[in-house]
Amino acid sequence: MPLLKEDILIVGHGLAGAILSQELIRRGVSIRVMDAELPHSASRVAAGLINPFIGPKLHQPDDYEECIEACRAFDLWFENIHGRNFLSRIQLHRVLLDLKQQRNWRSQESCHKNLWLDEAESRKLGLLAPFGTGVTRAWKFEVQSFLNASKESLLARGLYFKGLFERDMLRSHRLVLLCDGYFATKNSWFGWLPFAPSQGEVLTLQTNCRLYASNGSWHLPLRDRNTALAGSSWKHHDLESGPTPSGRKRILSELSYLSEEGKVVTDHESGVRSATKDRNPMMGRHPEIKQLHLFNGFGSRGCTTLPLRASEMADFVLSGIPLPQKHDLARFSANHAK
């Protein structure tokens with residue numbers, strides 16, 4: 001497929017590349033999307049949970065409301081154009097681990113809190129929760145369905161092709177936006193950045209439990225009424241090992257808050273998250289190669305943050321609007337100089 005000088009080339013069609021490509025299309029920009037379809041993609045095993053209370057302390061990120069507004073606007077636009085939407089409200093049952101976590105949840109002043117269930121009420125739902133359950137208003141993004149729909153729409157317009165990005169492609173494009181996740185850690189352009197990738201493993205279960213639940217490890221029913229996703233593990237070494245017996249054992253052990261017995265594993269997958277040491281994304285222009293950009297490092301909160309971050313990135317590359325300092329990879333330029 002001939003690639004025109006005026007095209008913006010997006011490298012990678014994981015969740016970051018797919019959302020950014022659709023955001024640029026929404027703005028009427030001429031793009032092409034290239035994906036190597038390599039293994040270890042985190043997006044292909046992403047659960048799509050959008051949770052207002054994160055981490056053991058159950059705090060709400062400062063930009064959560066803005067992120068949700070961007071998610072809803074992006075999903076509505078995609079539905080209006082393609083007739084399909086992927087974002088839905090859910091009730092997430094947060095199984096609390098101790099008295100401190102119980103106090104943290106109950107002290108939150110948030111419209112995203114719904115019900116408080118004590119141990120007896122939790123057990124009636126099939127949850128083993130000595131410290132109770134906080135029922136939370138959350139969201140679920142159907143990641144795999146969205147990725148497939150995005151690829152189909154790009155293919156239909158001749159905008160998607162399979163291939164590996166090579167250095168000489170820089171000369172034939174006005175802008176190149178690398179959205180290649182974990183693989184950015186291996187290239188000479190951005191490998192100097194402080195990435196902190198981690199492998200995560202996810203199970204597909206045959207189960208009759210229809211609760212969206214989490215105690216830090218989540219259980220998310222799929223549209224098939226007898227299956228659910230469960231996970232995820234975290235590992236910072238041997239990232240390309242693929243699914244492991246130890247990962248499977250750990251996930252099943254951490255699902256002990258579900259009283260249902262006899263969980264049957266029907267699939268076991270893994271992917272490598274492209275996270276960063278300061279837990280903020282790395283977006284922006286290469287310090288020396290001006291047409292080369294990076295859109296990466298979204299970690300486990302990509303489903304929550306990516307529509308808003310894609311809008312910021314589009315503003316930057318199209319209009320020169322500065323990126324938020326904590327997201328701009330220029331904060332690490334001194335490291336590159338060294």
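Structural data are supplied above this passage.
Residues numbered from 1 in each chain as written. Predicted model: local features only at pLDDT ≥ 70, side-chain atom pairs only at ≥ 80, totals over all residues. Heavy atoms only, no water.

Below, the discussion takes up helix H1 (residues 15-26). Taking 1.5 Å of rise per residue, the twelve residues of H1 would be expected to cover 16 Å, and the 16 Å separating its terminal C-alpha atoms lies within 8% of that figure. Taking burial as the measure, the twelve residues of H1 include eleven buried ones, the bulk of the element. A positive phi of about 80° marks Gly28, the residue just after H1. (Helix = DSSP H or I, 4+ residues; strand = E, 2+ residues; numbered from the N terminus. Expected span 1.5 Å × (residues − 1). Buried < 20%, exposed > 50% of the residue type's maximum accessible area, 1.4 Å probe, protein only.)

Under the defined criterion, the tally for this structure stands at twelve aromatic pairs. Summarising the aromatic geometry, the rings of Phe74 and Phe146 are spaced 5.8 Å apart at their centres and angled 70° between planes, so their arrangement reads as edge-to-face. Of the two residues, Phe74 sits in helix H2 (residues 64-82) while Phe146 sits in helix H5 (residues 143-156), which places them 72 residues apart along the sequence. Here Phe74 matches Phe146 in class, with each residue buried. Seen from their ring centres, Phe295 and Phe298 are 4.7 Å apart, and the 55° between their planes marks the pair as tilted. (Phe/Tyr/Trp six-rings, centres within 6.5 Å; stacked < 30°, edge-to-face > 60°.)

Packing of H2 against helix H7 (residues 302-319) brings their axes to within 8 Å, and their N-to-C directions diverge by 75°. With respect to H7, the element H2 is oriented roughly perpendicular. The segment H2 lies against H7, with Tyr64, Glu66, Cys67, Ala70, Cys71 and Phe74 engaging Cys303, Thr304, Thr305, Pro307, Leu308 and Arg309. Taken together, the residues of the contact of H2 with H7 sort by class into eight nonpolar, two polar and two charged. (Axes fitted to C-alpha atoms, helices over the stretch in contact; angles between N-to-C directions. Parallel < 35°, antiparallel > 145°, perpendicular 65-115°, else oblique. Contact = heavy atoms within 4.5 Å. Nonpolar A, V, L, I, M, F, W, Y, C, P; charged D, E, K, R; others polar.)

Among the nine residues that make up strand E9 (residues 198-206), eight are buried, leaving the element largely enclosed by the rest of the structure. Relative to strand E13 (residues 264-273), E9 runs antiparallel, the two sharing nine bridges. For Leu205, the partnering residue across the bridge sits in E13 and is Val265. Two elements, E9 and strand E12 (residues 227-231), share five bridges in a ladder whose sense is antiparallel. Residue pairing for E12: Val202 is matched across the bridge by Gly231. (Pairing = 2+ DSSP bridges.)

With that settled, consider unusual backbone geometry. Residue Ser232 is bonded to the preceding Gly231 through a cis peptide linkage, with omega at 0°. Among the secondary structure elements, Ser232 is positioned in the loop between E12 and helix H6 (245-254). At His40, a position not held by glycine, the phi torsion is positive, near 75°. In this structure, Arg279 is a non-glycine residue whose phi angle is positive, near 65°. Of note, Arg279 is situated in the loop between E13 and strand E14 (282-285).

Let us look at the sheet that holds strand E2 (residues 31-35). Pairing in this open sheet of six strands is mixed, and the strands run E7-E2-E1-E8-E15-E14 from one edge to the other. Both outer strands of the open sheet, strand E7 (160-162) and E14, are each paired with one neighbouring strand and no more. Taken over all neighbouring pairs, the strand axes of this sheet differ in orientation by 20° on average, direction set aside. Sheet analysis places strand E1 (residues 8-11) next to E2, joined by four bridges and oriented parallel. Bridging across to E2, Val11 finds its partner in Met34.

With that settled, the discussion passes to the pattern of salt bridges. Enumeration according to the criterion identifies 13 salt bridges in this entry. Its salt-bridge partner being Glu254, residue Arg250 comes within 3.0 Å of it at the nearest N-O pair. Linking Arg250 with Glu254, this pair stays in helix H6, spanning four residues, or about one helical turn. Residue Arg250 is classed as partly exposed on the basis of its relative accessible area of 40%. When salt bridges that share partners are traced, they join Glu23, Arg26, Arg27 and Asp315 into one network. (Salt bridge = Lys/Arg side-chain N within 4 Å of Asp/Glu carboxyl O.)

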